[in-house]
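Architecture at a glance
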Amino acid sequence: MSNPKQLSVQALRWAGSSLEVLDQRLLPEQIRYDEYNDAAGVTEAIASMRVRGAPAIGIAAAYGVVLSALQHYPKADWQAAVERDIKQLAASRPTAVNLFWALDKMHGLLAQNPAEPIATLTQLAEQIHSDDIAANHAMGERGADVIGDAKAVLTHCNAGALATGGYGTALGVIRSLHKRGQLQNVFADETRPWLQGARLTVWELAQDGIPATLIADSAAAWLMKSGKVDWIIVGADRIAANGDVANKIGTYSLAVLARQHGVKVMVAAPSSTFDFSLENGDGIKIEERNPKELLADCYLSEDSLVGAWNPVFDVTPAELITAIVTERGVVIDPGKHGVRSLATC
Ligand code: MRU
């Protein structure tokens, strides 16, 4: 990798027979890696947001399958036990398709009955991990080519090294722009309620010396109206065949605002984020998390009259997106063209 500093913000570290997971809930105050030795632990780490971000949870799940094989092989019926663990991992979160994509790949290999299952499954998990980093670097360059020069961009949630194998998708494009001297500033939304923008994105950018300015989510319209940003750049959790994009809650609002203010919208995602089985975004399952994540402590008593609704993703229609960038290529105006052309090239 060109910048060794990026290695300091690895979300996941494979340690040969265990997985080290950076507990992102503790950032930026504390950098703590916890060691996981079984698939149940990895499932919990994903469900509880210790590791988060679509590509990162896919990679974590792939290593979770390796840990399952390490635990059960060569006991009788070890394959059935691994399959049960794969089902458990698949139930950890519903929206990001990268999770199911990675588990399908691992399951497909298991079904081939490899002679040396541990070595073979480990090799595939490591390949999924390194391919993701390579894809991010490739889409970073492609995205930077599309944007050219920008006074500033706005990003939402965290789509950086922390959310991926490394380098990042939206932050990959931002890193590439910065390296080329084509970007003056990055605005980051706080991203309520988990504050991925405030706790992760601005911290991650600061590690690389990239100028970043935090805004409240509700400041985005005024930021655009003030003419301070040229592009919004986000990642994705699932992209349907027509180019509809599921991403962190609030992405849809940003895209609507961008249309009103003449700001362009870029989605950067690896091909593992595409779900060509879905014609459009209507079929994407949107995760709803515990309402307690939204409520202040004073509302949490048994007899509280206050309810909350906590969908954590939304779907942005393709026609509001200017460009979808992946390691395989770029689709400009996906609302007109869909993204099936990226399936095979
Ligand atoms: O709930 P999270 O933090 O897992 O949501 C993450 C996002 O929505 C990211 O923007 C998306 O996964 C793209 S990450 C490269």
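Up top you'll find the structure we're talking about.
The rules behind each value
Residues numbered from 1 in each chain as written. Predicted model: local features only at pLDDT ≥ 70, side-chain atom pairs only at ≥ 80, totals over all residues. Heavy atoms only, no water. Helix = DSSP H or I, 4+ residues; strand = E, 2+ residues; numbered from the N terminus. Contact = heavy atoms within 4.5 Å. Near = heavy atom within 4 Å. Polar contact = N/O pair within 3.5 Å; in protein donor to acceptor, adjacent residues only side chain to side chain. Areas by Shrake-Rupley, 256 points an atom, 1.4 Å probe, with all protein chains shown as cover. 1 Å grid on protein atoms, 1.4 Å probe; cavity = no way out; pocket = protein on both sides within 12 Å on 5 of 7 lines; lining within 4 Å. Sits in = over half its atoms within 2 Å of the grid points. Nonpolar A, V, L, I, M, F, W, Y, C, P; charged D, E, K, R; others polar. Domains from an automatic or database assignment. Points joined across faces, edges and corners; volume = space filled by probe spheres on them. Buried < 20%, exposed > 50% of the residue type's maximum accessible area, 1.4 Å probe, protein only. Arc of directions from axis to C-beta.

**Quick look at the environment of Asn136**
By secondary structure assignment, the location of Asn136 is in helix H5 (residues 117–147). Taking the C-alpha atoms as reference points, Asn136 and Pro270, 134 residues apart in sequence, are found 7.0 Å from one another. Contact partners of Asn136, with chain neighbours within four places excluded, come to Thr164, Gly165, Gly166, Tyr167, Gly168 and Thr169.

**Topic: the site of the ligand**
Near the ligand there are 19 residues, and of these Arg93, Gln196, Asp237, Asn247 and Lys248 occur at the shortest range. Here an oxygen atom of the ligand and a side-chain polar atom of Arg93 are 2.7 Å apart. One of the side-chain nitrogen or oxygen atoms of Asn247 is found 2.8 Å away from an oxygen atom of the ligand. Protein coverage of the free-state accessible area of the ligand, which is 410 Å², stands at 99%. When each cavity is represented as a set of grid points, the ligand is found to reside in the largest cavity. Mapped onto the shell around the ligand, the elements with two or more residues apiece are helix H2 (54–72) and strand S9 (245–248). The residue makeup of the shell around the ligand, split by class, is eight nonpolar, seven polar and four charged. The two domains that each donate at least three residues to the shell around the ligand are domain 1 (12–133) and domain 2 (144–344).

**As for empty space enclosed by the protein**
In the structure shown here, the tally under the stated rule is two cavities of 30 Å³ or more. Lining the largest cavity are 22 residues, with Gly53, Ala54, Asn158, Asp237 and Asn247 positioned closest to its centre. Within the residue set of the lining of the largest cavity, elements represented by two or more residues are H2 and S9. Here the residues of the lining of the largest cavity sort into nine nonpolar, nine polar and four charged. Counting residues domain by domain, the lining of the largest cavity receives three or more from each of domain 1 (12–133) and domain 2 (144–344).

**Observations concerning helix H9 (residues 251–261)**
Buried within H9 we find Thr251, Leu254, Ala255 and Ala258. Take H9 and look down its axis: the buried residues cluster within an arc of 100°, on one side only.

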